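Each chain is listed here by its residues.
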Amino acid sequence: MDEKRGEVRLRRPDSSEQAKEFTFDSVYDDKSRQEDIYVNSVFPVVENVLIGYNGTVFAYGQTGTGKTFTIEGYDNPPDMMGVMPRSFETIFSNIQCDNPEQRQYLVRASYMELYKEDIRDLLSPNPKAKLELHEKPDTGVYVKDLIMTVVTSVQELKKIQMIGRKNRTTAETKMNDHSSRSHAIFTITIETSEPGVDGKPRIRAGKFHLVDLAGSERQSKTEAVGERLEEATKINLSLSTLCHVISSLVDSRSSFTPYRNSKLTRLLQDSLGGNTKTVMIANIGPADYNYDETLNTLRYASRAKHITNKPRINEDPKDAMIREFQNEIERLKAELAQIDRDPNATPETLLRQQAILEKMGGAKLSQDRLKELAEENKARAREVEARRMLIRQTTQEVTTEKQKILENLKKHEEENLKKMEDMNELKRQLKKKELQLHLHNENLEREKKRKLLEDQQMQAALEEERIKQRRLADSLKQKEEERVVWQQKFATQREEVEAKSKVLNRMWKKLQSLKTKMRETEELFWSEREDTMNQICDFNREAKLLDLIIENFIPEHERKKIEKCAHWDKENEIYRLVPPKPKTHLSREKRPVSAIGLKRPVSEYSRMVGTPSQNPRFKYENILPLDLDMPERTTEDYTQAQESGRVKNAFYNILVDNQDDFEYNAV
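The following paragraphs examine the structure supplied in this document.

What counts, and at which threshold
Residues numbered from 1 in each chain as written. Predicted model: local features only at pLDDT ≥ 70, side-chain atom pairs only at ≥ 80, totals over all residues. Heavy atoms only, no water. Helix = DSSP H or I, 4+ residues; strand = E, 2+ residues; numbered from the N terminus. Buried < 20%, exposed > 50% of the residue type's maximum accessible area, 1.4 Å probe, protein only. Contact = heavy atoms within 4.5 Å. Areas by Shrake-Rupley, 256 points an atom, 1.4 Å probe, with all protein chains shown as cover. Patch = residues over 30% accessible without salt bridge, like charges linked within 9 Å, V, L, I, M, F, W, Y side chains within 5 Å. Salt bridge = Lys/Arg side-chain N within 4 Å of Asp/Glu carboxyl O. 1 Å grid on protein atoms, 1.4 Å probe; cavity = no way out; pocket = protein on both sides within 12 Å on 5 of 7 lines; lining within 4 Å. Points joined across faces, edges and corners; volume = space filled by probe spheres on them. Core = buried A, V, L, I, M, F, W, Y, C linked by side-chain atoms within 4.5 Å. Pairing = 2+ DSSP bridges. Phe/Tyr/Trp six-rings, centres within 6.5 Å; stacked < 30°, edge-to-face > 60°. Lys NZ or Arg CZ within 6 Å of the ring centre and 35° of its normal. Polar contact = N/O pair within 3.5 Å; in protein donor to acceptor, adjacent residues only side chain to side chain.

1. What to know about the overall build of the chain
Within the chain one finds 14 helices and 16 strands. Looking at the chain as a whole, 29% of its 667 residues qualify as buried. In the chain, 68% of the contacts between residues at least 6 apart in sequence involve partners at least 24 apart. For the chain, the accessible surface area stands at approximately 48600 Å², while carbon and sulfur atoms represent 53% of it.

In structure tokens, the structure reads:
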């Protein structure tokens, strides 16, 4: 691998063939860091998603080559984080560094997998449930009932990633202990709203797809059996369709792109030749016994490099949710303002007083007894007066002591109040310092994130400039060599022969390399053609068998009924049996029409007898003889089927004469 020139050279082990060269925008070897891959190749896509473009990053390659590690990585240490968590930090770092008064953001996330051509929601309480794939003319392909979660931080996105990773289908094979048995697609939708020139909100929406494809497998190497073999077959089928789509997009003579042959290519339809900025990461391994798989991966990655997408900014999308959120916020603000204008009154407290009246009565006494009582009252009065004087004196002393205590309490209270004021002042100053420190830390953190984003942007721009310079240098070098050789003046013929011989040798090597590529491309074409013909033979054999069963075991009238009830479902691309509509009228005799002026049919006899006599017995009586209407027969008499020699011969011809169709080459 040559990282500076972006070249990969592949040579067949134990062979003298010339090494095959592939050129890409960026090449990373086993010494490269995860940060370099993200900053140089993925970071520009995330930046474009934030301004309204669609972006896709997907990892493609053989099983066990590190696709999941490239996309997800490890949480610890931070240097081992993959593309997914690094993109989370970039998204929310841009949001935090932006001015919320000028631009508002709404971020949503979803996580799904494609397992054996069945779409599953990894965030659903029932992650094994199958979802349907639909398509709208204005919004394109979408998954019905897929959960979209609103997120506000990096931690929430990582939590969604962890839930999806836990629910994703993985298993152990001979080539990988934790082999992904499904294609996983993590989608982040970023909607922005900012005031336009006319003052109205301008909404943009960008979708960022992170696709971790399952690896291609060979049964001879993985030794998969049973369910693992079925999973590998479905994985290889979807990846083969993806390769056919890439080949069709690159081939200018192709007029049809088979997006609908697989749900994977339908989900990635915009990412391949559509409204998306796409980055394809091709993962390869160093093992020599995987030479064929590595060569196929490099070939399809080289083809995918020539796909031309047409990305554009998605302005004012119809399915934007940020407009609904803004309307809801305005409604809540209006309700709060109304509550502030009409506050609730405080409850009145009712005080109830009850008067207790006591009634006292007296009796008549003698004069002596009254004098005695008067003396006793005087003695008691003097005693009471003496006690009153003592209480008054004691009260004065208590009052004086109380006054002193109150003065001391007031003094202590003033001192405590002063201390509390001093303490509150210290608390205010401390809180002010803490706030200043917190704001300073936030500013430092924001400044740190801003500088990190600027560094990443600068590094991405330098990488892009380096790629452009490398391409220009290669082109100029090639043109300069051709010009110098053919326009150079030589002193002797020998020098001219040597120089032109070197050019001829170089051109001869290029010619041989092109011939090798043509031969390999032709071999690949015939290999794909053979696989396609085998599939066609399988389909024809199955179709003949079904036609034979229908012809010999299903009556013709039943077949016609099924054909009338069969309707083609364009969205799911299957036939559905719809029951026929009930007949609007029945071929039965109608009841006699009621006589004019009467509520129901009346016999002639009742009319004749009832008119002159006015006998209520015959009043509006219906005595018409009505026969019972028998239902139409819908069954037939059973006749025992007889085996004929023609049917046996037909089965024998189908299953024996075409035995060559059963022979195929394992891939």
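2. Thoughts on a nonpolar patch on the surface
A cluster of nonpolar side chains, Leu546, Ile549, Ile550 and Phe553, forms an exposed patch at the surface whose accessible area comes to about 350 Å². Mapped onto the elements, Leu546 comes out in helix 11 (residues 493–553).

3. Here we look at empty space enclosed by the protein
Under the definition given, this model contains one cavity of 30 Å³ or more. Contributing to the lining of the largest cavity are Leu114, Lys116, Glu117, Arg181, Ser182, His183, Glu231, Lys234, Ile235 and Ser238. The biggest single contributor to the lining of the largest cavity is helix 6 (residues 227–250), with four residues.

4. Digging into the nonpolar core
Ile91, Phe92, Phe186, Ile188 and Phe208 are the most contacted members of the largest nonpolar core, which has 36 residues in total. Looking at this core, the element that brings in the most residues is helix 1 (residues 34–50), giving eight residues. When sequence neighbours within four positions are dropped, the list of residues in contact with Phe186 reads Met84, Phe88, Ala109, Ser110, Tyr111, Leu157, Ile160, Gln161, Phe208, His209 and Leu210. Core analysis: the next-biggest nonpolar cluster, separate from the first, contains 27 residues, Phe58, Leu133, Tyr300 and Ala304 among them.

5. Concerning the pairing of strand 5 (residues 118–121)
As paired elements, strand 4 (residues 104–115) and strand 5 share four bridges and run antiparallel to each other. If you follow Glu113 over to strand 5, its bridge partner there is Arg120. Joining the antiparallel neighbours strand 4 and strand 5 is a turn of two residues, in which Lys116 adopts a positive phi near 50°. As paired elements, strand 5 and strand 6 (residues 130–131) share two bridges and run antiparallel to each other. Across the sheet, the residue bridging to Ile119 is Leu131, located in strand 6.

6. Side note on the packing of aromatic side chains
Taken as a whole, this structure holds five aromatic pairs when the rule is applied. Seen from their ring centres, Tyr38 and Phe43 are 6.3 Å apart, and the 70° between their planes marks the pair as edge-to-face. On the basis of relative accessibility, which here comes to 2%, the residue Tyr38 falls in the buried class. With a centroid separation of 4.9 Å and 65° between ring planes, the pair formed by Trp568 and Tyr575 is classed as edge-to-face. For Tyr575, a relative accessible area of 60% translates into the label exposed. Feature note: the residues Phe88, Tyr111 and Phe186 constitute an aromatic cluster, connected by ring pairs. It is Lys277 that lies over the ring of Tyr53; its NZ or CZ is 5.0 Å from the centre.

7. Regarding the side chain of Ser179
Mapped onto the fold, Ser179 is located in strand 11 (residues 179–180). Note on Ser179: relative accessible area 1%, which makes it buried. Here the side chain of Ser179 touches Arg181 through a polar contact of 2.9 Å, side chain to side chain.

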